[in-house]
Amino acid sequence: MKKTIVIFILAAFGYFLAITFLAPEFESNRNRNGVKNVYLDKTVSELKTANTVTAIVVNFRGFDTLGEVTVLFLAATALGSILFKKRHHIGERTVMLPASSIVGSGAKLIFPAIILLGAYVFIHGHLTPGGGFQGGTIIATGFLLMLISYRDFSISHNILSVIESLAGILFVVFGLLGFMNGGTFLQNFMGTGVLNDLFSGGVIPIIYILVGFKVAAELTGLIYTILHEKG
Amino acid sequence: MSLYEIIGGILIIIGAAFLFLGGLGILRMPDVYNRLQAGTKATTMGAMSLILGVGVVKMEDSWTWIVKMSIIIIFIAISNPISSHALARAMYRRKRYPFIKSSDKNMDAYREIIEKEEKDEKTVMNDQ
């Protein structure tokens, strides 16, 4: 009985493997996926955005990005609530040794540079590789460095949640402004400007800056909760 | 070939050689401190020389490249020693002391300690 099942599974696996290798390559049916050409043509000519990935993430499927941001927010909130409950149950903290003064002064020196890099990455999201999610993560690593260098470094959860909520609300507000001005949610209603300018691309840089703030606040709160769960 | 390319190429080759030696050192050295020393010294010098070489090669196009590369070099000069210091300090706190009395041709000095610890844990578990 077992042997029959194994042979059956192997046969099915081999069948699908054969289909995969015998199927025509992607290059041969290039004409079928015309949506790729639409993205590539419209990004430069209509949106005046140098980074096609940013144009797709924020403009062509901006609604999905709103969903992604919501998923991240829910995950952070859920993890925070679980860890909060756990901490109350255990009720004791292990004392960790502080980092040495060399690490402390080095972290102080590098921290502004990391924040600057993160801000640069999400402000220039429409011109260079990177964007809101990446820049926010870089900023969160800067806060992680400070948190492991100084044990008493504290971040106010209220300020974090205010930043997070404001960024999320403004995202939706910009989407609704597009609704009023253009006709669809997250319509690019502002002037697109000149290609490769910092102020170009309409609402794309604004929304990516908001995403950057939101991701940075969320991940910083997450790191803070995890680090202070054990003490 | 211009002078920039020759000087930059030499710097890149020096950097690559140092990075190779660093990798070899991490593979060959017996304990944590020796490995850290090999890794950090070689990466600091190797990466710095390599990045400077790229800056010199690209200086033919515009001089701003060397400024950008200098900023990266300053960042490496700050972060690399600090991180290896933190690693060495953590290992010292975990009571992994330098290995002085090592048997000859010992590639991994801590294997004996780790195996012994695992054996002890097993005996403890068997006793329970």
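A quick note: this is a predicted structure, and the numbers were derived from the prediction, not measured. All chains use their own residue numbering, which begins from 1 and follows the written sequence. Numbering of ligands from 1 and lettering of chains from A proceed in the order in which they are written. Confidence filtering applies because this is a predicted model: local features only for residues at pLDDT of at least 70, side-chain atom pairs given and counted only at 80 or more, and all residues used for totals across whole chains, interfaces and linings. Think of the side-chain values as coming from all heavy atoms in the structure, minus any hydrogens and water.

(A) Seen up close, the overall build of chain B. When its secondary structure is counted, chain B shows four helices and zero strands. Secondary structure counts use DSSP, requiring at least four H or I residues in a row for a helix and at least two E residues in a row for a strand, with both numbered from the N terminus. Traced from its N-terminal end to its C-terminal end, chain B shows the element sequence α-α-α-α. Buried means the residue's accessible area, taken with a 1.4 Å probe over protein chains only, is under 20% of the maximum for its type, while exposed means over 50%, and partly exposed covers the values in between. Out of the 128 residues in chain B, the part that is buried amounts to 24%. Note on areas: Shrake-Rupley, 1.4 Å probe, and residue coverage restricted to the protein chains presented here. Taken as a whole, chain B presents about 9100 Å² of accessible surface, with 67% of it coming from carbon and sulfur.

(B) Quick look at the side chain of A:Glu164. On the secondary structure map, A:Glu164 appears in helix 7 (residues 157–181). Here Asp and Glu are counted as negative and Lys and Arg as positive; His is not counted, and neither are the chain ends. Throughout this description, the term salt bridge denotes a Lys or Arg side-chain nitrogen within 4 Å of a carboxyl oxygen of Asp or Glu. Here A:Glu164 occupies a buried position and makes no salt bridge, while the nearest side chain of opposite charge, A:Lys214, is found at 4.4 Å.

(C) Representation of the environment of B:Ile73 within the structure. Residues and elements named next belong to chain B. By the secondary structure assignment, Ile73 is in helix 3 (residues 64–93). The buried category is assigned to Ile73, whose relative accessible area is 14%. Sequence separation between Ile73 and Leu24 is 49 residues; the distance between their C-alpha atoms is 23 Å. Setting aside residues no more than four positions away along its own chain, Ile73 makes contact with Met48, Ile51 and Leu52. Note on contacts: a residue pair qualifies if any of its non-hydrogen atoms lie within 4.5 Å across the two residues.

(D) Up close: a negative patch on the surface. Side chains of B:Glu115, B:Glu118, B:Asp120 and B:Glu121 sit close together on the surface and give a patch of like negative charge. Within the secondary structure, B:Asp120 sits in helix 4 (residues 110–127). What makes a patch is a set of residues exposed beyond 30% relative accessible area and free of salt bridges, joined within 9 Å when like-charged and within 5 Å when nonpolar (Val, Leu, Ile, Met, Phe, Trp, Tyr). To locate a charge, take NZ of a lysine, CZ of an arginine, CG of an aspartate or CD of a glutamate.

(E) Just the pattern of salt bridges, in detail. All names here are of chain A. Enumeration over the complete set of coordinates arrives at three salt bridges over all chains. A salt bridge links Arg61 to Glu68, with the shortest nitrogen-to-oxygen separation between them at 3.6 Å. You can call Arg61 partly exposed: its relative accessible area is 28%. Note that Glu218 and Lys214 form a salt bridge whose closest N and O atoms lie 3.4 Å from each other. Of this pair, Glu218 and Lys214 both sit in helix 8 (residues 204–230), four residues apart, roughly one helical turn. Residue classification places Glu218 among the buried residues on the basis of a relative accessible area of 3%. Judged by relative accessible area, Lys214 falls into the buried class, the value being 8%.

(F) A look at the packing of helix 5 (residues 101–123) of chain A against helix 3 of chain B. Lines fitted to C-alpha atoms define the axes here, with helix axes fitted over just the stretch in contact, and angles between the N-to-C directions of these axes take values from 0 to 180 degrees. Two elements in contact, helix 5 of chain A and helix 3 of chain B, have axes separated by 10 Å at closest approach and are oriented at 150°. In terms of axis orientation, helix 5 of chain A runs roughly antiparallel to helix 3 of chain B. Helix 3 of chain B is crossed by helix 5 of chain A, and the crossing has left-handed handedness. Contacts from A:Ile102, A:Val103, A:Gly106, A:Leu109 and A:Ile110 of helix 5 of chain A reach helix 3 of chain B at B:Phe75, B:Ile78, B:Ser79, B:Ile82, B:His85 and B:Ala86. Under this scheme an angle from 65 to 115 degrees is roughly perpendicular, one under 35 degrees roughly parallel, and one over 145 degrees roughly antiparallel; angles in between are oblique. Note on convention: near helix rotated counterclockwise from far helix by under a right angle means a left-handed crossing. Clockwise means right-handed.

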